[in-house]
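Letter by letter, the chains look like this.
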Amino acid sequence: MELSKNFQHNEAELKWYAHWNESGYFKSVPDERPPYTIVIPPPNVTGVLHMGHALNNTVQDILIRRAKMQGYNTCWVPGTDHASIATEAKVVNMLRDMGIDKKTMPRDEFLKYAWQWKEKYGGIILKQLEKLGCALDWERTSFTMDDDYYAAVIRVFNELYEKGLIYRGVKMINWDPKAKTALSDEEVIHRQTNSKLYYVRYKIDSEVEEYITVATVRPETILGDTGVCVHPEDERYAHLKGKFCFVPLINRRVPIIFDEYIDKEFGTGALKITPAHDINDYNLAQKHGLPVVDTLNEDGTMSEAAQLYIGQDRFVVRKAIVEDLKTSGNFVKEEDYSNQVGFSERTDAVIEPRLSMQWWCNMQELVKPALKAVVEDEEIEFHPAKFKNTYKHWMGTIRDWCISRQLWWGQRIPAWYDLEGGLYVAQTSEAAHAQYAAKKPELAAKHPELRQDDDVLDTWFSSWLWPMEVFGWNKDPNNKDLNYYYPTNTLVTAPEIIFFWVARMIMAGYEFLGKKPFDKVYFTGIVRDKQGRKMSKSLGNSPDLLKMIDDYGADVVRFSVVITSPAGNDLLFDDAQLEQGRNFCNKMWNAMRLVKGWEGRCQKGLDDSQVKFAMDWMDARLATVSQELTEMIAEFRLSEGLKTIYSLIWNDFCSWYLEWVKPGMEQPISKNVYDRTIAIFEQLLQLVHPYLPFVTEEIYHILKDRVAGDDLINRQLPVLTTPDAQILKDGLMLQELITAVRDTRNKNQLKPKDQIKLWVDSDNQAFYNKVQDILKKQINAGEISFTTEPKQGTISIVVQTDKLYIEAAATAGIDTTAQKLQMEKDLVYYQGFMASIDKKLGNERFVQNAKPEVIENERKKYADAQAKIKTIEESLALL
RNA sequence: GGGAGCAUAGCUCAGCUGGUUCAGAGCAUCUGCCUUACAAGCAGAGGGUCCGCGGUUCGAACCCGUGUGCUCCCA
């Protein structure tokens, strides 16, 4: 077979993904093996794959593939989230493009369109995950609005309602005037914004002409003012006790109240109270019995209650009212002001605090076991652990969760009302009617219809059940899958949704199943561009991931997102990483081509004693790295793990090992060496496979003919062995020798082709005998001989405590100044080094306090340095 | 305002329990090579006041305090 010079990814990726999938390797059913389970953070049905998904899902895939090789029954559950606000917005837009207004449409019809939209576009992101190579158990694909899932959400609502944890009430909520729905606190993003602070004076109701000046950034809310508040100890306003003033333009007479809440230093020290549109004002109004005037419509225009500007947008009014205040003489001044403004996470509209009737979930009880599990018992581990603090802080200050949304796409709130406003919460309409009939038989007989609540539940009110419901909790909480796979092992997610999702899943797990949903949570970083900016559509700095996969291959994309992404740190994405990944795949590919080329040149019975050292050394390196990698992956240090294997393959295997065992041109190779090389190669491929599944599977199969079912993805990792420390040490010495001689050649313009003769003055001749053929080949020495005498007319160098003399045709007249300088530099360094150890060992307190092994080590270092200095001095004397 | 975190080579970061063969890696840079697996490569090399200051300690990149600069979360 003719092998191309570089790895061709496109065909190989399609081929292997199909093969894995069709062979059922992704499929999991409970068996006697221990499970390793991950549930995917379900992407929005509206989603398309972006860098964040790539990182997140690559990490999960690495964990899954690695666990599979360790003998676990791995199960990675895919699925999507119905994402009520985002999806509804998409459908509304689609309808608008079709010339249809949502408002003119009944709910059922809208939902029909929504489902059509979901069927058509909802699966795109899952297809894209296939391209990335994700080993997902597709038969388990779930959706948060599947029938069973829907029922589970309704059931949970009922259970919490019956426990008294869910209630209906009027409270100040975050109102998104664009989506026309309430948002939870978590869905509001606060951003520092440049605003104006307007000073406006309100006339006091008294005989004399007197005013009180307030400062506000939202002058349009003046129309909803029902009071003015000052600090009780503020002498400037003490005389206003019991007085009233007039709201400008509309002349509403409102009281001046006194409360310690007021910050005397801020503005004028006087605060206008707009209870309907500010949470703090609302609280003050409640305390002081002030009325509430809601001046806003649901779309952010002024309502009738505002009296003025009715129907005009709040931001238009903000400008208009300033002009009108100027005209009326109430305007004092304006200042530039920077403040935090809340924006909707979904629509980016400026949030209006608004009083409204919503459904709430009391969190006080739910929080307790969830807090304990993470913070006290550490039953659930967070990686990195720093997020424990964030979690603890939030859980400690949690408030009730606003769970109703004024939307149609989602789980409709299972609450029904009779004509008198009576409320019936039930799992089904029938059950609600039964309640009604039992409670109000007369009314029910006359007016049997009940009206269901129009709102749906917050999307997160369904996602919090994800780890349990994907295994069919609602239908049978004692089913085989749930018992086997739950609690899941690891959750991999972004720190941004620690409150939205992670915390609530933990609460739901304990509340409804009495068990945690997962053992460990691994928080990935946020993907940023080279300049450290978050990737976003508006900045246009988000690369086209699918094109990237096409151009470079999924392996390379995976490589590039993992390599710079230490646990919990942000990931700065740069094209240079793509190149590095591509080069690495190519490196492995070419190593394969080299080894593959030996296949026909194998001979049995060849003397391979001279390369035995190379093989033993490579085995020891493999054993070392296997051990390290196991630890790193267990600690989620995935990027470090990849770097470690990268270096093992590129440096140890390709640059050293293959060069050491490589036969001369057209020369035969020992069958034994060939077989061991293949075995080593296979193990290397196996270590990288979780990171780069496609290229490794492809090479694995080209390297050797495989029987059906012998696929890399399935190979089990060998048991860890302890590496031979002496061989590792010898390997380092050999590398050091080779590098030192090559460096010397370089510095003395000795061409690689010029053969040299090497004299060695060492008391470890056995070592040189063991590696001499390798050494000869690597430094192009015709001969290596031992000596105890300095050799005249050679270049002398020192490696560790051995003296080497390089003799070549051209060495006689070579300039040794540079070398001399280097040696003198080394000498100074080692003398200083020795002196510092000497001082330390001479320090009584050190000898008393330091651990014995530390002292022992210092003594050894001292002796080594001493020997080294002696050697250098001897060599210097020669020059 | 409350909380969390970061500062080490030009860049991105390691450095896990304090112990100079521990100041490291990758990328980038420089020098020399088209050596028959790979120029998407090979062989070498250079590069650092471990943010400033103070303290603890026999010993500090590491622990403590403080200053400066930056980031994130919450109100």
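Going by the structure above, here's the rest.
Here the structure is a predicted model, which means the values were calculated and not measured.

Reading guide: rules and limits
Residues numbered from 1 in each chain as written. Chains lettered and ligands numbered in written order. Predicted model: local features only at pLDDT ≥ 70, side-chain atom pairs only at ≥ 80, totals over all residues. Heavy atoms only, no water. Helix = DSSP H or I, 4+ residues; strand = E, 2+ residues; numbered from the N terminus. Rg over C-alpha atoms; globule rule 2.2 N^0.38 Å. Buried < 20%, exposed > 50% of the residue type's maximum accessible area, 1.4 Å probe, protein only. Contact = heavy atoms within 4.5 Å. Lys, Arg positive; Asp, Glu negative; His and termini not counted. Charge placed at Lys NZ, Arg CZ, Asp CG, Glu CD. Pairing = 2+ DSSP bridges. Right-handed = clockwise from strand over helix to strand, strands pointing away. Axes fitted to C-alpha atoms, helices over the stretch in contact; angles between N-to-C directions. Parallel < 35°, antiparallel > 145°, perpendicular 65-115°, else oblique. Nonpolar A, V, L, I, M, F, W, Y, C, P; charged D, E, K, R; others polar. Near = heavy atom within 4 Å. Polar contact = N/O pair within 3.5 Å; in protein donor to acceptor, adjacent residues only side chain to side chain. Expected span 1.5 Å × (residues − 1). Core = buried A, V, L, I, M, F, W, Y, C linked by side-chain atoms within 4.5 Å. Salt bridge = Lys/Arg side-chain N within 4 Å of Asp/Glu carboxyl O. 1 Å grid on protein atoms, 1.4 Å probe; cavity = no way out; pocket = protein on both sides within 12 Å on 5 of 7 lines; lining within 4 Å. Points joined across faces, edges and corners; volume = space filled by probe spheres on them. Phe/Tyr/Trp six-rings, centres within 6.5 Å; stacked < 30°, edge-to-face > 60°. Lys NZ or Arg CZ within 6 Å of the ring centre and 35° of its normal.

J.: Quick one: what's the story with the overall build of chain A, residue by residue and with numbers?
T.: Scanning chain A from N- to C-terminus turns up 28 helices and 31 strands. Against the globule reference of 29 Å for 879 residues, chain A gives a C-alpha radius of gyration of 37 Å, more extended than a compact globule. Principal axes of the C-alpha set define a box for chain A whose edges measure 115 × 65 × 55 Å. For chain A, the residues scored as buried account for 52% of the 879 residues in total. Sequence separation of 24 or more characterises 77% of the internal contacts of chain A that already satisfy a separation of 6 or more. In chain A, the 108 positive side-chain charges and the 127 negative ones have mean positions that sit 2 Å from each other.

J.: Report on the pairing of strand β29 (residues 781-786), specifying residues and quantitative values.
T.: Note that strand β28 (residues 756-761) and β29 share five bridges and pair parallel. Looking across to β29, one finds that Trp 759 is bridged to Ser 785. For the segment spanning β28, helix α25 (residues 765-779) and β29, crossover handedness is right-handed.

J.: So what's going on with the packing of helix α21 (residues 638-661) against helix α22 (residues 671-688)? Residues and values would help.
T.: Closest axis-to-axis distance for the α21/α22 pair is 11 Å, and the angle between their directions is 170°. Between α21 and α22, the interaxial angle falls into the category roughly antiparallel. Residue-level contacts link Ile 645, Leu 648, Ile 649, Phe 653, Tyr 657, Leu 658 and Val 661 of α21 to Val 673, Thr 677, Ile 680, Phe 681, Leu 684, Leu 687 and Val 688 of α22. Considering only residue class, the contact of α21 with α22 consists of 13 nonpolar, one polar and no charged.

J.: Got a sec to walk through the protein's contact with RNA strand B? Specific residues and values, please.
T.: Close to RNA strand B lie 39 residues; Lys 587, Asn 590, Met 665, Lys 861 and Asp 864 are nearest. Within 4 Å of the protein, the contacting atoms of RNA strand B are drawn from sugar and phosphate to the extent of 59%. Arg 742 is positioned such that a nitrogen or oxygen atom in its side chain is 2.9 Å from a sugar or linking oxygen of RNA strand B. Grouping the amino acids of the surface near RNA strand B by side-chain chemistry returns 12 nonpolar, 14 polar and 13 charged.

J.: Residue-level account of the packing of helix α10 (residues 387-396) against helix α16 (residues 498-513), with values.
T.: Packing of α10 against α16 leaves a shortest axis separation of 11 Å and a crossing angle of 80°. When the interaxial angle is binned, α10 and α16 end up roughly perpendicular. Contacts between α10 and α16 involve Phe 387, Thr 390, Tyr 391, Trp 394 and Met 395 on the former and, on the latter, Ile 498, Phe 499, Ala 503, Ile 506 and Met 507.

J.: Describe helix α9 (residues 364-376), and please don't skip the residues or the numbers.
T.: Look at α9: 17 Å from first C-alpha to last across 13 residues, which is about the 18 Å you get at 1.5 Å a residue. Residues of α9 that are buried make contact with α6 (147-162), β14 (352-361), β15 (381-383), α10 and α16.

J.: I'd like to hear about the nonpolar core, residue by residue, with values.
T.: The biggest cluster of nonpolar side chains holds 184 residues, and the ones touching the most others in it are Phe 382, Phe 461, Trp 464 and Met 507. Aside from chain neighbours lying at most four places away, what touches Phe 382 is Val 374, Phe 387, Lys 388, Tyr 391, Ile 498, Val 502, Ile 506, Val 521 and Phe 523. Core analysis: the next-biggest nonpolar cluster, separate from the first, contains 28 residues, Val 230, Tyr 237, Val 254 and Met 302 among them.

J.: Help me get a handle on the pattern of salt bridges, residues and values and all.
T.: On inspection of all chains with the given rule, the structure shows 50 salt bridges. For Asp 61, the salt bridge goes to Arg 558, with nearest N and O atoms at 2.7 Å. With Asp 61 in helix α2 (residues 51-69) and Arg 558 in helix α18 (residues 554-563), this residue pair connects regions lying 497 residues apart in the sequence. Across this residue pair, the class does not change: Asp 61 and Arg 558 are buried. For the salt bridge of Asp 550 with Lys 131, the shortest nitrogen-to-oxygen distance reads 3.4 Å.

J.: Give a description of the sheet that holds strand β20 (residues 451-452) that names residues and reports values.
T.: With antiparallel pairing, the three strands of this open sheet are ordered in space as β19-β18-β20. A strand with exactly one partner marks an edge of an open sheet, and here the two such strands are β19 (423-425) and β20. Packing against the sheet, helix α11 (residues 429-439) makes contact with β18 (415-417) and β19, and its axis sits at approximately 135° to β19.

J.: I'd like a description of empty space enclosed by the protein, backed by residues and values.
T.: Regions of empty space are outlined by a rolling probe, equal in size to a water molecule, passed over the atoms. One pass over the full model with this rule turns up four cavities of 30 Å³ or more. Roughly 50 Å³ of volume is contained in the largest cavity. Considering the residues around the largest cavity, the lining is formed by Tyr 25, Phe 26, Ile 64, Lys 68, Thr 74, Cys 75, Trp 76, Ala 135 and Ile 713. Tallying contributions element by element places strand β2 (residues 73-77) first for the lining of the largest cavity, with three residues.

J.: How would you sum up the sheet that holds β14? Please name residues and give values.
T.: Across the sheet, which stays open at both edges, the four strands sit in the order β6-β5-β14-β16 with antiparallel pairing between neighbours. Strands at the two margins of the open sheet, each flanked by one partner only, are β6 (181-183) and β16 (401-402). The pairing of β14 with β16 spans two bridges and is classified as antiparallel. Its bridge partner being in β16, Cys 361 is matched across the sheet by Trp 401.

J.: Now, about the packing of aromatic side chains: what can you tell me, with residues and values included?
T.: A complete count under the given rule lists 40 aromatic pairs for this structure. Between Trp 656 and Trp 660, the ring centres sit 5.8 Å apart and the planes meet at 45°, which makes this aromatic pair tilted. Remark: Trp 660 and Trp 656 occur in helix α21; sequence separation between them is four residues, near one turn of the helix. By relative accessible area, Trp 656 is classed as buried at 13%. A residue is classified by how much of its surface remains accessible, and Trp 660, at 1% relative accessible area, is buried. Here the aromatic residues Phe 157, Tyr 161, Trp 359, Trp 401, Phe 461, Trp 464, Trp 473 and Phe 512 are joined through ring pairs into a cluster of three or more. Positioned over the ring face of Phe 244 is Arg 253, at 4.0 Å from the centre of the ring. For the cation-ring pair, Arg 354 lies above Trp 175, with the distance from its terminal atom to the ring centre recorded as 4.7 Å.

J.: How would you sum up the side chain of Arg 107? Please name residues and give values.
T.: In this structure, Arg 107 sits in helix α4 (residues 107-121). Within the structure, Arg 107 has its side chain in polar contact with the backbone oxygen of Asp 454 (distance 2.6 Å). Beyond its immediate chain neighbours, meaning those up to four positions away, Arg 107 contacts Leu 407, Trp 408, Arg 412, Asp 454, Asp 455 and Val 456.

Everything listed here is a matter of geometry and, on its own, says nothing about what the molecule does.
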